[in-house]
Amino acid sequence: MARCLLRVTGTVQGVGFRPFVYRHAVALRLAGSVQNDSAGVLIDVEGDAECIAELRRRLVDEAPPLARVVSVTAQDVSPAGDGQDFRIVESTDSGWPDVPVSIDTATCAECLAEVDDPANRRYRYPFTNCTNCGPRYTIIRRVPYDRPATTMASFPMCRACQAEYEDPADRRFHAQPNACPVCGPQLTWRQPDGTVEAAGADALRHAVDTLVGGAIVAVKGIGGYHLAVDATDEAAVRELRRRKVRDDKPFAVMVADLATAHGLCVLDHTAVAALTTPRRPIVLAPRRADAPVATALAPGLPELGLFLPYSPLHHLLLSDVGRPLVMTSGNVSDEPIAHDDSDAVHRLGGMVDGLLTHDRPIHIRCDDSVARAAPGRLHLLRRSRGYAPEPIALPFTPAHDVLAVGAELKSTVAVTKGATVVPSHHIGDLEHLATYRSFLQAVTHVADLYGVTPSIVAHDLHPEYLSSKYALELALPAVGVQHHHAHVAACMVEHGVTERVLGVAFDGLGYGPDGTLWGGELLVADLAGYERVAHLQAVPMPGGVAAIREPWRMAAVWIERAMGRSAVAAELPDVDEVTRAAVLDLAAGPLAPVTTSVGRLFDAVAALLVGRRRVSYEAQAAIELEAVARTVDRREAPRYEDAYTVALVGGIAVLDPLPLVARVVTEHRAGAPVALVAAGFHEALGAATAQVAADQARAHGLGTVALTGGVFQNLRFSQIVETALRDAGLTVLVHQSIPPNDGGISVGQAAIAAYSSF
Ligand code: ZN
Ligand code: ZN
Ligand code: FE
């Protein structure tokens, strides 16, 4: 006889861990107890020593699907010999929580089978879930994770549900959101003004009829409301664009099953795996030419964003409507997604023909995640529902807890906890007051769930970012982290690297310590610091942010530099002369900010080649340029020789792509096909980047290059730079699970600030 206290840490609450322990302990004839506490799961077990060892093995090897066991430690204690049975003890909620909370998880196959079975008591019940699936992060208010701590607190379980909940042999044993048609949440169908018109199955029928009729419906989901419309109905999709005030930004499409997805997009095994994981991100994949969906879904783009249903409600809706549905975030333009019911009526009522809603509150909003499938590899562009709040390992253990507040666009926040960093869900662009409020909620939610009281706050150096201002108002030691250094650090964290690397950080804009706007940076960096060793030639940005909205302004600047002012008129004939001259004068004047941004260089070339004069969403011009370039096989792309010069200025290498811009203008003027010129531009700029990076790496004795920043969302460009660097014998780090864009900044900031105090 032996007795042992087993301490399990990791994601072990809300994932069916206690029932799992119970079943195995009983099968092994062990006595004792299991409970959740603020550090994870604690098992007090007594019986045959070999059986205890076997239980310990199973805790790791046979853990439930959603559990992520980080450690199991054992402490021998003297046997009491008084118990025969094994029990589950209610949670203690004293002290600070130390428990990772699990993710919102798509409906499992067993639950779906019940929803589809007319004989089952959960037949067509939209809120069916079990310990292996269902909402988690979005319904939890505090830890330990128990029903009273979730938004299910107001739904007392009926007898049948309670029996499942208490039966150790049942799949719903201690499933906190357990519910059924008798005791659980119910659907309602509301008119745009919020008036309830129908409930339950009738509500669903109203929504289905409305969608089939080509109208727009707001649908309450897991992390917020979607705006839904028939994705095959061109007029309906256009009407949604008009009402949502969204000109061109692509809409995601939810399809009933994988077979439908295959009919819309070309999907390799990576894309299929991404679509079918219980995390259920939106997956961007090449659209089939004959895909039977509206062209207005993603104007001018060769990819579609697809995802599969992730709640029983989605499954019912998709199968009843019988067509793919646009499921786009429920908001106007760039505001935060609506998740609160009265707010949804207020903000979405004017845009929709009805709301399909329900009475299970969403505690924290959480947008859909977005991934891009490259052959054999998946890149997360937005890490949110299905990923948050999963921690990411740090390559060291910080001495203090850090809060990192991120940048401004695609905002996320992060906290460090032990040797991990926990990024929040996607918050959005911190330009609206509503988004700022959402940012404050995210800070509190993530810190509370992990019981973190930060002693250091990390922020961007940009003094005008709302996140920086917030950080500086906290009564905490603040660490300002340079934007591109944070990008490089995020990439290092993803790969568990702490030694010095050459970081290539190419993006739209980030504040440089010299007061200029950086965005084409080569940094020799580690988590302790960085040195800027090379950058793109700085050029003026006429009108500041106006030059971001109107990429032709950057084209004018680069063309004038390359070929003189008369060439600008010839290349941008549709821009009227007065405006053109005013912008060029502005560029030459003292007030134009200067930038080394590679994103702006892509904008300039896109304006020239694909004629994109104004953008309606971030990086639109560059995305369109990549799309055009990708129609050309890399082997067919022209090779422009002598595309750049490098000058040493104050010990820093300045890469000037002026000859490349001149070549692009000449080719374009000579009538070369736009796709070929776009492909040639990608090849030449990629080769130049790799050459300068390899030279710098060699000069500084570095063997590893990290590619980061929003520009590396461009997979064609990334691939060119990567292969050239690998051919040069270097190790190349690219982002996959942390976004290369500003959504990854908080992770980099947290790592740098924590490292400085470690
Ligand atoms: Zn399930
Ligand atoms: Zn029930
Ligand atoms: Fe950035």
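Structure: above.
Residues numbered from 1 in each chain as written. Chains lettered and ligands numbered in written order. Predicted model: local features only at pLDDT ≥ 70, side-chain atom pairs only at ≥ 80, totals over all residues. Heavy atoms only, no water.

K.L.:
If you had to explain the coordination of the zinc ion (ligand 2) to someone new, which residues and values would you point to?
P.N.:
Coordination of the zinc ion (ligand 2) by the protein comes from Cys158 (SG), Cys161 (SG), Cys180 (SG) and Cys183 (SG), over a distance range of 2.2 to 2.3 Å. Bound by four donor atoms, the zinc ion (ligand 2) shows angles of 102 to 118° at the metal and therefore tetrahedral coordination geometry. Donor residues for the zinc ion (ligand 2), ordered by position in the chain, follow C-x2-C-x18-C-x2-C. Taken as a pair, Cys158 in the loop between helix 3 (109-115) and helix 4 (159-166) and Cys183 in the loop between helix 4 and strand 6 (187-190) lie far apart in primary sequence, 25 residues in all. Judged by relative accessible area, Cys183 falls into the buried class, the value being 10%. (Donors = N, O, S within 2.8 Å, 3.2 Å for Na, K, Ca; no water. Tetrahedral: all angles 85-135°; square planar, octahedral: opposite > 155°, others 65-115°. Helix = DSSP H or I, 4+ residues; strand = E, 2+ residues; numbered from the N terminus. Buried < 20%, exposed > 50% of the residue type's maximum accessible area, 1.4 Å probe, protein only.)

K.L.:
How would you explain the sheet that holds strand 1 (residues 2-11) if you had to name every residue and give the values?
P.N.:
Spatial ordering of the open sheet is given by 4-1-3-2-5, a layout of five strands whose pairing is mixed. Where the open sheet ends on each side, the last strands, each with one partner, are strand 4 (68-77) and strand 5 (86-89). The sheet shows a mean angle of 15° between the axes of neighbouring strands, direction not considered. The sheet contact formed by strand 1 and strand 4 spans nine bridges and is antiparallel. (Pairing = 2+ DSSP bridges. Axes fitted to C-alpha atoms, helices over the stretch in contact; angles between N-to-C directions.)

K.L.:
Go over the coordination of the iron ion (ligand 3) with me, naming the residues and quoting the values.
P.N.:
Surrounding the iron ion (ligand 3) are the protein donor atoms His483 (NE2), His487 (NE2), Asp507 (OD) and Asp742 (OD), at 2.1 to 2.2 Å. Around the iron ion (ligand 3) sit four donor atoms, and with donor-metal-donor angles ranging over 88 to 170° the site reads as irregular. We note that the donor set of the iron ion (ligand 3) lies within a single chain, spaced as H-x3-H-x19-D-x234-D. One end of the pair, His483, is in helix 13 (residues 483-494); the other, Asp742, is in the loop between strand 31 (731-733) and helix 23 (745-756), and 259 residues separate them in sequence. In this structure Asp742 comes out as buried when scored by relative accessible area, which is 11%.

K.L.:
Tell me about the pattern of salt bridges, and name the residues and values.
P.N.:
Per the counting criterion, the structure on display carries 51 salt bridges. Its salt-bridge partner being Arg630, residue Glu303 comes within 3.9 Å of it at the nearest N-O pair. Of this pair, Glu303 sits in strand 12 (residues 303-307) while Arg630 is found in the loop between helix 19 (620-629) and strand 28 (645-649), placing the two residues 327 residues apart along the sequence. The exposure class assigned to Arg630 is partly exposed, which follows from its relative accessible area of 35%. Arg613 serves as the salt-bridge partner of Asp574, at 2.8 Å between the closest nitrogen and oxygen. Note that Asp574 is positioned in the loop between helix 16 (565-571) and helix 17 (577-588) and Arg613 in the loop between helix 18 (598-609) and helix 19, a separation of 39 residues in sequence. Taking the relative accessible area as the measure of exposure, Arg613 reaches 18% and is therefore buried. (Salt bridge = Lys/Arg side-chain N within 4 Å of Asp/Glu carboxyl O.)

K.L.:
I'd like to hear about unusual backbone geometry, residue by residue, with values.
P.N.:
With omega at 0°, the peptide bond leading from Ala388 into Pro389 counts as cis. Residue placement: Pro389 occurs in the loop between strand 16 (377-382) and strand 17 (392-393). Despite not being glycine, His174 shows a phi value in the positive range, around 60°. With respect to the element layout, His174 can be found in the loop between helix 4 and strand 6.

K.L.:
So, the packing of aromatic side chains: which residues are in play, and what are the values?
P.N.:
Scanning the model with the defined rule gives 13 aromatic pairs in all. Measuring from ring centre to ring centre gives 4.9 Å for Phe396 and Tyr755, while their planes differ by 90°; the resulting arrangement is edge-to-face. Here Phe396, found in the loop between strand 17 and strand 18 (402-404), pairs with Tyr755, found in helix 23; they are 359 residues apart in sequence, far enough to count as distant. Under the relative-accessibility criterion, Phe396 is labelled buried at 7%. Grouping aromatic residues by their ring pairs yields a cluster made of Phe506, Phe602, Phe681, Phe712 and Phe717. Geometry around Tyr310 places Arg385 over its ring, the cationic atom sitting 3.6 Å from the centre. Above the plane of the ring of Trp518 lies Arg532, whose end atom (NZ or CZ) is 3.8 Å from the centre. (Phe/Tyr/Trp six-rings, centres within 6.5 Å; stacked < 30°, edge-to-face > 60°. Lys NZ or Arg CZ within 6 Å of the ring centre and 35° of its normal.)

K.L.:
Let's hear about the state of the cysteines: which residues, and what values?
P.N.:
A complete count under the given rule lists zero disulfides for this structure. The thiol sulfur of Cys366 is not disulfide-bonded, and the nearest other cysteine sulfur, from Cys133, lies at 17 Å. (Disulfide = S-S within 2.5 Å.)

K.L.:
Please give an account of the sheet that holds strand 13 (residues 325-329) that cites residues and values.
P.N.:
Two orientations exist for strands paired in a sheet by backbone hydrogen bonds: parallel and antiparallel. Spatial ordering of the open sheet is given by 7-6-14-8-9-13-10-12-11-15-16, a layout of eleven strands whose pairing is mixed. Strands with a single pairing partner mark the edges of an open sheet, and in this sheet they are strand 7 (196-199) and strand 16. Sheet twist, expressed as the mean angle between neighbouring strand axes with direction ignored, is 30°. When strand 6 meets strand 7, the two strands line up antiparallel, connected through three bridges. Looking across to strand 7, one finds that Thr188 is bridged to Ala199. Along the sheet, helix 9 (residues 312-321) makes contact with strand 6, strand 8 (217-220), strand 9 (225-230), strand 10 (252-254), strand 13 and strand 14 (354-358), crossing strand 13 at roughly 145°. (Contact = heavy atoms within 4.5 Å.)

K.L.:
Got a sec to walk through the nonpolar core? Specific residues and values, please.
P.N.:
Leu502 and Leu725 are the most contacted members of the largest nonpolar core, which has 76 residues in total. A total of 13 residues in this core trace back to one element, the largest contributor, which is helix 21 (residues 674-699). The residues touching Leu725, leaving out its near neighbours within four places in the chain, are Ala690, Ala693, Ala694, Val705, Leu707, Leu730 and Val732. Judged by nonpolar contacts, the second largest core, of 46 residues, contains Ala285, Val293, Ala296 and Leu378. (Core = buried A, V, L, I, M, F, W, Y, C linked by side-chain atoms within 4.5 Å.)

K.L.:
Explain helix 9 to me, using residue names and the numbers behind them.
P.N.:
With respect to burial, helix 9 is a largely interior element, eight of its ten residues being buried. Of all the residues in helix 9, the buried ones are Pro312, Leu313, His314, His315, Leu316, Leu317, Leu318 and Val321. Of the residues flanking the end of helix 9, it is Gly322, one or two places downstream, whose phi is positive at about 75°.

K.L.:
Just give me the short version of the side chain of Arg122, but keep the residues and values in it.
P.N.:
Relative to the assigned elements, Arg122 resides in the loop between helix 3 and helix 4. When its relative accessible area of 1% is taken as the criterion, Arg122 is described as buried. Beyond its immediate sequence surroundings of up to four residues, Arg122 is in contact with Glu114, Val115, Thr128, Cys161, Glu164, Arg172, Asn178, Ala179, Cys180 and Pro181.

Keep in mind these values describe shape, not function.
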